[in-house]
Amino acid sequence: MLLVPFLQRGIQLLLLPIHVLACLGLWDPFYKKVFPYIMAKVAPVYNRKVYRQKRELFSSLRKFAGPSGQLRLLEIGTGTGTNFQFYPPGCRLSCTDPNPHFRTFLLKSLSENRHLKLERLVVAPGEDLHQIEDGAVDVVVCTLVLCSVTHSRKVLAEVLRVLRLGGAFYFLEHVAADQSSWTYFWQKVCDPVWRYFGDGCSLSRDTQRELEKMNFSELNVRCIHVSPHWLPTSPHIIGYAVK
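Now for a look at the structure at hand. (Residues numbered from 1 in each chain as written. Predicted model: local features only at pLDDT ≥ 70, side-chain atom pairs only at ≥ 80, totals over all residues. Heavy atoms only, no water.)

**What about the side chain of E210?**
Okay, so step 1: Note on placement: E210 falls in helix α8 (residues 207-213).
Okay, so step 2: By relative accessible area, E210 is classed as buried at 16%.
Okay, so step 3: Every residue in contact with E210, bar those within four places of it in the chain, is listed here: S152, R153 and L156. (Helix = DSSP H or I, 4+ residues; strand = E, 2+ residues; numbered from the N terminus. Buried < 20%, exposed > 50% of the residue type's maximum accessible area, 1.4 Å probe, protein only. Contact = heavy atoms within 4.5 Å.)

**Some points on helix α7 (residues 182-197)**
Okay, so step 1: If you check α7, its first and last C-alpha atoms are 22 Å apart, about what 16 residues at 1.5 Å a residue would give, namely 22 Å.
Okay, so step 2: Taken as a whole, α7 has its buried residues at Y184, F185, Q187, V189, D191, V193 and Y196.
Okay, so step 3: At the C-terminal side of α7, D199 shows a positive phi close to 55°. (Expected span 1.5 Å × (residues − 1).)

**Some details on a nonpolar patch on the surface**
Okay, so step 1: A cluster of nonpolar side chains, L13, L16, V20, L21, L24 and L26, forms an exposed patch at the surface whose accessible area comes to about 560 Å².
Okay, so step 2: The dominant element in the nonpolar patch, judged by the number of residues it contributes, is helix α2 (residues 16-23), at three residues. (Patch = residues over 30% accessible without salt bridge, like charges linked within 9 Å, V, L, I, M, F, W, Y side chains within 5 Å. Areas by Shrake-Rupley, 256 points an atom, 1.4 Å probe, with all protein chains shown as cover. Salt bridge = Lys/Arg side-chain N within 4 Å of Asp/Glu carboxyl O.)

**Observations regarding the packing of aromatic side chains**
Okay, so step 1: Inspection of the entire model under this criterion finds 19 aromatic pairs.
Okay, so step 2: With 5.8 Å between their ring centres and 65° between their planes, F64 and Y240 make a pair best called edge-to-face. Of this pair, F64 sits in the loop between α4 (51-58) and β1 (72-76) while Y240 sits in strand β7 (residues 235-242), and the two are 176 residues apart along the sequence. Here F64 and Y240 have matching classes, each one buried.
Okay, so step 3: Put simply, the rings of Y51, F58, F64, F84, F86, Y87, Y170 and Y240 touch in pairs and so form one group of aromatic residues. (Phe/Tyr/Trp six-rings, centres within 6.5 Å; stacked < 30°, edge-to-face > 60°.)

**Observations concerning the pairing of β7**
Okay, so step 1: Of all the eight residues making up β7, eight are buried; the element is thus mostly covered by neighbouring parts of the structure.
Okay, so step 2: Judged by which residues are buried, β7 turns out to be covered on both faces: P235, I237, G239 and A241 on one side and H236, I238, Y240 and V242 on the other are all buried.

**Concerning the pairing of strand β4 (residues 137-143)**
Okay, so step 1: A large share of β4 lies buried, amounting to seven of its seven residues.
Okay, so step 2: Relative to β4, β1 runs parallel, the two being bridged by three bridges. Paired with E75 across the two strands is V141, which belongs to β4.
Okay, so step 3: Handedness of the crossover joining β4 and strand β5 (residues 163-174) through helix α6 (residues 152-162) is recorded here as right-handed. (Pairing = 2+ DSSP bridges. Right-handed = clockwise from strand over helix to strand, strands pointing away.)

**Considering the environment of C190**
Okay, so step 1: If you trace the backbone, C190 turns up in helix α7.
Okay, so step 2: The spacing of C190 and T80 is 110 residues in sequence and 25 Å in space, taken between C-alpha atoms.

**With respect to the pattern of salt bridges**
Okay, so step 1: Applying the stated criterion to the full structure yields 11 salt bridges.
Okay, so step 2: Here D134 and R161 are joined by a salt bridge, their closest N and O atoms 2.6 Å apart. Here D134, found in the loop between β3 (117-123) and β4, pairs with R161, found in helix α6; they are 27 residues apart in sequence, far enough to count as distant.
Okay, so step 3: D134 gets classed as exposed once you look at its relative accessible area, which sits at 58%.
Okay, so step 4: Among the salt bridges present, the one from E210 reaches R153, with a minimum N-O distance of 3.6 Å. Of this pair, E210 sits in helix α8 while R153 is found in helix α6, placing the two residues 57 residues apart along the sequence.
Okay, so step 5: Salt bridges linked by common partners bring R72, D138 and R164 together as one network.

As structure tokens, then:
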């Protein structure tokens, strides 16, 4: 791993203008406006790659519906709304995202998924969901979100707070590869620059370990790889945890 800092500096040098803009605080405001347009193109491609896994994962959502039979679902980091097609009819949906520029794309996705009922749309980071009451939802969903939040443990603490007892947290996240692998080596090399283009995304976050540290009563998780396997974003975890 002695080579990692050297290669990191080399990549940063190639992208020096962006690095300078980031240091001056100019890159982030600009990229937050551009990022939703990029995700509107990238997310459908990704969805096709993991369609089978998502369909299988979300097929069990109904079993966590409350006594009334309605499912109250909160999605953190909703983005363009690519998960909407997998949610069951009549689902009472709350959406949060820290980037207000996703709103247009999210509403478009809602118009294409009229089987859902939007209850609220909140612009807020996953670390601070004070607009959502304690124990207010049956299910929380995060897909490709925990990689880019500032404090993943704070997000998971908020997940536990807003879930009712017996509710479930569903997740699909790209994660750090095995530390002895070449994939992990390239994750560490690309990490500092990847954050610029992934809106804060980290390639080498050990999200499974963070989940294991939280006070869930049950954790169901498995590791998968999303093609192409040579990309540093290929290693994923998928599953759900019960409060």
